[in-house]
Amino acid sequence: MKNIQIIEPAQNCTYDIFSIDDESFNLIFPNNQDIEFNDDLFQRLGETLALNLSNLLWKNRVRKKDVQGIHGTLFYDMPEKKQFYPTKKDDEEISPI
């Protein structure tokens, strides 16, 4: 199982973490990436598969104090963040100057 943190623009965003099986994780984060954006996910996988994965994810919220690592970050409705993650790998993030 892998843990994914969800980041979205709502003022009340709690940066929740959800767990998902390895196979589904690899569909969301292919090619060893650990950053994804919801619009790219839906475009790449199609609406049906992306919705199925999202629904699976929402069922498995993990309490933060129980988390044993975060394996991926999924941004929702935040295209302005894409400029900082051109490779979609957290270790290769470009910090603003």
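Residues numbered from 1 in each chain as written. Predicted model: local features only at pLDDT ≥ 70, side-chain atom pairs only at ≥ 80, totals over all residues. Heavy atoms only, no water.

**Here we look at the overall build of the chain**
Helix and strand counts for the chain stand at three helices and five strands. When the elements of the chain are put in sequence order from the N terminus, they spell out β-β-α-β-α-α-β-β. Taken over C-alpha atoms, the radius of gyration comes to 13 Å for the chain, in line with the 13 Å a tight globule of 97 residues would show. The principal-axis extent of the C-alpha atoms belonging to the chain is close to 35 × 30 × 25 Å. For the chain, the residues scored as buried account for 40% of the 97 residues in total. Restricting to contacts in the chain with at least 6 residues of sequence separation, those with at least 24 account for 64%. Accessible area of the chain: about 6,200 Å², with a carbon and sulfur share of 47%. (Helix = DSSP H or I, 4+ residues; strand = E, 2+ residues; numbered from the N terminus. Rg over C-alpha atoms; globule rule 2.2 N^0.38 Å. Buried < 20%, exposed > 50% of the residue type's maximum accessible area, 1.4 Å probe, protein only. Contact = heavy atoms within 4.5 Å. Areas by Shrake-Rupley, 256 points an atom, 1.4 Å probe, with all protein chains shown as cover.)

**As for the pairing of strand E2 (residues 17–20)**
What you see with E2 is no split at all: Ile17 and Ser19 on one side and Phe18 and Ile20 on the other are buried throughout. Alignment of strand E1 (residues 2–7) against E2, held across four bridges, turns out to be antiparallel. Note that in E2 the partner of Asn3 across the bridge is Ser19. Here E2 pairs with strand E4 (residues 61–62) via two bridges, running antiparallel. From the neighbouring strand, Phe18 faces E4, where its bridge partner is Arg61. (Pairing = 2+ DSSP bridges.)

**Re the pairing of E1**
Of all six residues in E1, five are buried, a share of seventy percent or more. Sheet analysis places E1 next to strand E5 (residues 72–75), joined by four bridges and oriented parallel. When the bridges of E5 are listed, Ile4 appears paired with Gly72.

**Details of the environment of Phe84**
Secondary-structure assignment places Phe84 in the segment after E5. In sequence terms Phe84 and Tyr15 are 69 residues apart; their C-alpha atoms lie 19 Å from each other. Leaving out residues up to four positions away in the same chain, Phe84 has contacts with Glu92, Glu93, Ile94 and Pro96.

**Focus: helix H3 (residues 47–58)**
If you check H3, its first and last C-alpha atoms are 16 Å apart, about what 12 residues at 1.5 Å a residue would give, namely 16 Å. Of all the residues in H3, the buried ones are Ala50, Leu53, Ser54 and Leu57. Down the axis of H3, the buried side of the element spans an arc of 100°, and every buried residue falls inside it. Its buried side turned inward, H3 meets E1, E2, helix H1 (22–28), helix H2 (38–45), E4 and E5. (Expected span 1.5 Å × (residues − 1). Arc of directions from axis to C-beta.)

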